[in-house]
Amino acid sequence: MVINESAVKLFGFASPQEAIGKRYKQWGNEGRIIGVIRDFNFRSLQRPISPLSLHMNPEYDYLLSVNMSPANLPATIAAVESKWKALIPSWPFNYYFMDEFFDRKYRAEDRFGKLFLHLAILAILISCLGLPGLASYSTNQRTKEIGIRKVPGASVSNIRPAIANPVKRLRTE
C-alpha cells in the first residue's frame, strides 16, 4: 500500500520513513506499506485533503492514468488501447482527458462566480442610480431654506454648507 502524508499522521507515525515497511490490515486486505506520497487533492478542491491509501487489487483495476505528449495523440491513444485490450480484454477501453474532466466538474462554480460578479455590478449600478434621486429629494425638502438664503444674496458656496450640515450653518449665523 502507498499512503499520503495525512494518513501517516492518522496512523500515528512520527515520520514517513517510520511508516515504510510496516504491516497493515484494511478492508479485508493485508500487506505492507511500500511508500509515502505528498498530500494532493483527490476530491473536490473545496474539501480539505484527507488521508489516502492506495493499494493494488487486480479485481478493481479499471482506470489507468497516462501522461501523453500532444504531438501524436491519435497514435498514442491507439497504442494504449491495444495494450489495454491485450492485458484486460474483459474491460472496455474508454478514455477521457483530465483537463476536460476538470472543466466539466468546475464549470458550475465558474458560472456561479460570473453570476455573482454580474449581480454585484448590478447592485452597484442600482445604488448609483439612487444617488441623484437622493440629492433631488434633499433639494426638494430644503427648497424653502435655499430660497430664504438666496433672497438676501447668498452665493452657491454659502448655500452648499447649509445643505450639507444645516445645524452647523445655523450656529455660525
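The rules behind each value
- Residues numbered from 1 in each chain as written.
- Predicted model: local features only at pLDDT ≥ 70, side-chain atom pairs only at ≥ 80, totals over all residues.
- Heavy atoms only, no water.
- Salt bridge = Lys/Arg side-chain N within 4 Å of Asp/Glu carboxyl O.
- Helix = DSSP H or I, 4+ residues; strand = E, 2+ residues; numbered from the N terminus.
- Phe/Tyr/Trp six-rings, centres within 6.5 Å; stacked < 30°, edge-to-face > 60°.
- Buried < 20%, exposed > 50% of the residue type's maximum accessible area, 1.4 Å probe, protein only.

Student: So what about the pattern of salt bridges? Which residues, and what values?
Tutor: This structure, assessed with the given rule, holds three salt bridges. Glu81 is the partner of Lys85 in a salt bridge, and the nearest nitrogen-oxygen pair spans 3.2 Å. Residue Lys85 and its partner Glu81 are located together in helix 3 (residues 73–87), separated by four residues, close to a single helical turn.

Student: Could you give an account of the packing of aromatic side chains, naming the residues involved and the relevant values?
Tutor: One pass over the full model with this rule turns up six aromatic pairs. Here the aromatic rings of Phe93 and Tyr95 are separated by 5.9 Å at their centres, their planes lie at 35 degrees, and the arrangement is tilted. With a relative accessible area of 18%, Phe93 lands in the buried category. Plain terms: the ring middles of Phe101 and Phe102 are 5.6 Å apart, the flat faces sit at 65 degrees to each other, and that makes the pair edge-to-face. Residue classification places Phe101 among the partly exposed residues on the basis of a relative accessible area of 30%. Chaining the aromatic ring pairs together yields one cluster made of Trp84, Phe93, Tyr95 and Phe97.

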